[in-house]
Amino acid sequence: MVQNWEQLREAACRCEKCGLAATRNNVVFGVGNPRARVMFIGEGPGENEDLQGEPFVGRGGQLLDKMLAAVDLDRKKNIYIANMVKCRPPKNRDPLPEEMEQCMPYLRNQTALIRPKIIVCLGRISAIQLIKQDFKVTREHGEWFEKNGTLMMGTFHPAALLRNPNQKPAGLDDFIHLREKILEVCPETYEME
Ligand code: URA
């Protein structure tokens with residue numbers, strides 16, 4: 001475990017532990033405030049993220065930013081966003097189990113340094129890895145699970161909301177519940193500059 005955030009970033013950016021290193025343009029380490037109490041975890045970088053080196057910057061990312069803004073959250077201010085894997089899986093396929101396994105120590109180290117009170121899993125891939133193996137987004141989105149003192153919730157992946165706009169109200173409802181939970185357990189989130 002690396003104690004220093006910048007050293008951790010440098011190690012991740014040099015990583016060649018799995019095959020994704022060969023085809024990436026950029027390692028997508030994460031974005032946001034490393035002192036945030038709330039962390040969001042997606043699946044893996046897509047094409048835009050790979051080119052720009054930042055998570056959720058495509059159409060799904062724009063939707064995510066709007067939903068965040070609706071509950072006074074901002075990637076530049078009071079949250080941190082990362083992914084299960086830091087390099088783009090070719091053709092946007094799901095990350096392979098071995099890719100997630102190789103990448104997990106970086107995410108664990110980030111989580112250990114941030115020590116979030118709340119983790120929101122964006123979509124099934126991170127929810128089944130981090131909350132429980134049989135997590136069902138349609139049935140269990142918005143529910144709170146406690147793991148080692150961290151509150152965890154899974155919700156719809158923004159790309160899924162773009163494909164199924166009829167799920168947007170339910171997704172937004174999860175964010176409204178998230179806001180309530182933040183006010184309960186880490187209200188300082190709303191005082192971060
Ligand atoms: N989808 C994800 O899961 N993560 C990103 O960073 C972009 C798209």
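Residues numbered from 1 in each chain as written. Predicted model: local features only at pLDDT ≥ 70, side-chain atom pairs only at ≥ 80, totals over all residues. Heavy atoms only, no water.

(A) Layout of the site of the ligand. Residues in close proximity to the ligand include Gly42, Glu43, Gly44, Glu49, Pro55, Phe56, Asn83 and His157, which together make up its full environment. One of the backbone nitrogen or oxygen atoms of Gly44 is found 3.1 Å away from a nitrogen atom of the ligand. At 2.8 Å, a side-chain N or O of Asn83 approaches a nitrogen atom of the ligand. Contact with the protein chains covers 89% of the free accessible surface of the ligand, which is 230 Å². Residue composition of the shell around the ligand, by class: 2 nonpolar, 4 polar and 2 charged. (Near = heavy atom within 4 Å. Polar contact = N/O pair within 3.5 Å; in protein donor to acceptor, adjacent residues only side chain to side chain. Areas by Shrake-Rupley, 256 points an atom, 1.4 Å probe, with all protein chains shown as cover. Nonpolar A, V, L, I, M, F, W, Y, C, P; charged D, E, K, R; others polar.)

(B) Expanded view of the pattern of salt bridges. Tallied over the full model, the rule gives 8 salt bridges. Note that Arg9 is salt-bridged to Glu6, the shortest N-O span being 3.2 Å. In this pair, Arg9 and Glu6 are both assigned in helix H1 (residues 5-14), 3 residues apart and thus about one turn of the helix distant. Overall, the relative accessible area of 40% leaves Glu6 in the partly exposed class. The shortest N-O distance in the salt bridge between Arg75 and Asp65 comes to 3.0 Å. (Salt bridge = Lys/Arg side-chain N within 4 Å of Asp/Glu carboxyl O. Helix = DSSP H or I, 4+ residues; strand = E, 2+ residues; numbered from the N terminus. Buried < 20%, exposed > 50% of the residue type's maximum accessible area, 1.4 Å probe, protein only.)

(C) The arrangement of the packing of H1 against helix H5 (residues 97-114) in detail. Viewed as axis vectors pointing N to C, H1 and H5 meet at an angle of 170 degrees, and their least axial separation amounts to 11 Å. Comparing their axes, H5 and H1 come out roughly antiparallel. Contacts from Trp5, Leu8, Ala11 and Ala12 of H1 reach H5 at Tyr106, Asn109, Gln110, Leu113 and Ile114. Of the residues in the contact of H1 with H5, the class split is 7 nonpolar, 2 polar and no charged. (Axes fitted to C-alpha atoms, helices over the stretch in contact; angles between N-to-C directions. Parallel < 35°, antiparallel > 145°, perpendicular 65-115°, else oblique. Contact = heavy atoms within 4.5 Å.)

(D) Structural context of the environment of Ala69. Tracing the sequence through the fold places Ala69 in helix H4 (residues 59-70). In sequence terms Ala69 and Phe175 are 106 residues apart; their C-alpha atoms lie 10.0 Å from each other.

(E) Structural view of the environment of Gly30. Residue position: Gly30 is located in the loop between helix H2 (20-23) and strand S1 (31-32). Along the chain, Gly30 and Ala170 lie 140 residues apart, while their C-alpha atoms are 26 Å from each other. Beyond its immediate sequence surroundings of up to four residues, Gly30 is in contact with Pro55, Tyr80, Ile81 and Ala82.

(F) Examining the sheet that holds S1 more closely. Reading across the sheet, the 6 strands line up as S1-S3-S2-S4-S6-S5 and stay open at both edges, with mixed pairing between neighbours. Each edge of the sheet is formed by a strand with only one pairing partner; in this case those strands are S1 and strand S5 (144-147). Pairing geometry for S1 and strand S3 (residues 80-83), over 2 bridges, is antiparallel. Across the sheet, the residue bridging to Gly32 is Tyr80, located in S3. (Pairing = 2+ DSSP bridges.)

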